[in-house]
Amino acid sequence: MATARVNGLTVGYEVIGERGRPWVLTPGGRDARDTPGLRETARTLAERGNRVLVWDRPNTGESDVCFTGESESAMQADVLAGLLRQLGLAPAVIAGGSGGSRVSLLAASRHPDVASALALWWISGGVYGLLSVGMHYCGESIRAAWEGGMAAVADLPAWAEVIARNPGNRDRFLAQHPAEFIAVLERWLTVYCPNPNEPVPGLTTDRASTLDIPALVLRSGTADIHHRRETSEILARLLPAAQLAEPPWGDAEWPERQSARTSGTAPGLFIRWPLLTPTLHKWATSALPTYKEA
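Residues numbered from 1 in each chain as written. Predicted model: local features only at pLDDT ≥ 70, side-chain atom pairs only at ≥ 80, totals over all residues. Heavy atoms only, no water.

**Considering the packing of aromatic side chains**
- Summed over all chains, the structure comprises 13 aromatic pairs.
- Between Trp121 and Trp273, the ring centres sit 5.1 Å apart and the planes meet at 80 degrees, which makes this aromatic pair edge-to-face. Highlighted residues: Trp121 in strand E6 (residues 115-121) and Trp273 in the loop between helix H10 (253-263) and helix H11 (277-287), separated in sequence by 152 residues. For the pair Trp121 and Trp273, a shared accessibility class is recorded, and that class is buried.
- When the ring of Tyr137 is compared with that of Tyr192, the centres are 6.2 Å apart and the planes differ by 20 degrees; the resulting orientation is stacked. A residue pair is termed long-range when its members are at least 10 positions apart, and Tyr137 in helix H4 (residues 127-154) and Tyr192 in the loop between helix H7 (178-190) and helix H8 (205-208) qualify at 55 residues. For the pair shown, Tyr137 and Tyr192 are each scored as buried.
- Connected via pairs of aromatic rings, a cluster forms that spans Trp121, Trp122, Trp249, Trp254, Phe270 and Trp273. (Phe/Tyr/Trp six-rings, centres within 6.5 Å; stacked < 30°, edge-to-face > 60°. Helix = DSSP H or I, 4+ residues; strand = E, 2+ residues; numbered from the N terminus. Buried < 20%, exposed > 50% of the residue type's maximum accessible area, 1.4 Å probe, protein only.)

See below:
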């Protein structure tokens, strides 16, 4: 794998395509860059003359685990900005879905120099959606640390992949003091508490209104309780240069993909992301200046 050292962390990545407008794709959950659908989307964008970065966020895939920062998404956004600069890919079209949309927004907000545009879908929102995703990311680890210390956290199924693919991560878990680890994850968990002044956790309405780069926001489905339709519509209204568009799938795409993954009939949540490519490429071609190699 290709790796880079960013903010003191080893980060796994891959760049698909040799020339053209730089993009970065970020998935959600704790899914790695080789989750089915992600590389395939990058390849279809590359076939249209783009360079596409796919990467393992800290706490996913082959990258190091990291438990610092005001929130997990903010920490990952800072690492993404550093990675784009280090690879000479900034400014890039920063694109992502679910948790990846949150990281993308925060990267563009905190580091305007690395973003030429934003493309976002499956944006987490709503009381149930935010509280459930906060517990998904933080709850089990907090309880394990409280009841069994850091060895119990390292033994959780949620962290099995990052330890198997980066064995040094187990030592990074064990080096944490349980009380300090709990304090960090409770801080991260608090960020997901619904806030009328934050359309996306960590991004205020005032800050969103200053993100005046081209943005494509895909409308969430009415059947999706985790990524509420109204969240996508509110965000599209707040971003000054946003275009709200329909996705290339039906209203129940997210729950259908969840059901298929749980039943084992399909390999992942992002398997149909390549369907996004025509919409993404057409929007970027029309919304952004013609790209010229430096």
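**Looking at the packing of helix H2 (residues 72-86) against helix H3 (residues 99-110)**
- Axis separation between H2 and H3 bottoms out at 8 Å; the angle between their running directions is 60 degrees. In terms of their interaxial angle, H2 and H3 are classed as oblique. Crossing handedness for the pair H2 and H3: right-handed. On H3, the residues that touch Ser73, Ala74, Gln76, Ala77, Asp78 and Leu80 of H2 are Arg102, Val103, Leu106, Ala107 and Arg110. (Axes fitted to C-alpha atoms, helices over the stretch in contact; angles between N-to-C directions. Parallel < 35°, antiparallel > 145°, perpendicular 65-115°, else oblique. Left-handed = near helix turned anticlockwise from the far one by under 90°. Contact = heavy atoms within 4.5 Å.)

**Thoughts on the pattern of salt bridges**
- Going through the model one piece at a time under the given rule, you end up with 21 salt bridges.
- Asp64 is paired through a salt bridge with Arg5; the nearest N and O atoms lie 3.6 Å apart. Of this pair, Asp64 sits in the loop between strand E4 (50-55) and H2 while Arg5 sits in strand E1 (residues 2-6), and the two are 59 residues apart along the sequence.
- Within this structure, Arg33, Asp34, Asp56, Glu62, Glu161 and Arg165 form a network of salt bridges that share partners. (Salt bridge = Lys/Arg side-chain N within 4 Å of Asp/Glu carboxyl O.)

**A look at the environment of Lys292**
- Note on placement: Lys292 falls in the segment after H11.
- Each C-alpha atom of the pair Lys292 and Arg19 lies 9.9 Å from the other, and the pair is 273 residues apart in sequence.

**Comments concerning the packing of H4 against H7**
- Running from N to C, H4 and H7 cross one another at 175 degrees; their axes reach a closest spacing of 9 Å. The angle between H4 and H7 places the two elements in the roughly antiparallel class. Between H4 and H7, the contacting residues are Gly134, Met135, Cys138, Ser141, Ile142, Ala145, Trp146, Gly149, Met150 and Val153 on the first element and Pro178, Phe181, Ile182, Leu185, Glu186, Trp188 and Leu189 on the second.
- Taken together, the residues that form the contact of H4 with H7 break down as 13 nonpolar, three polar and one charged. (Nonpolar A, V, L, I, M, F, W, Y, C, P; charged D, E, K, R; others polar.)

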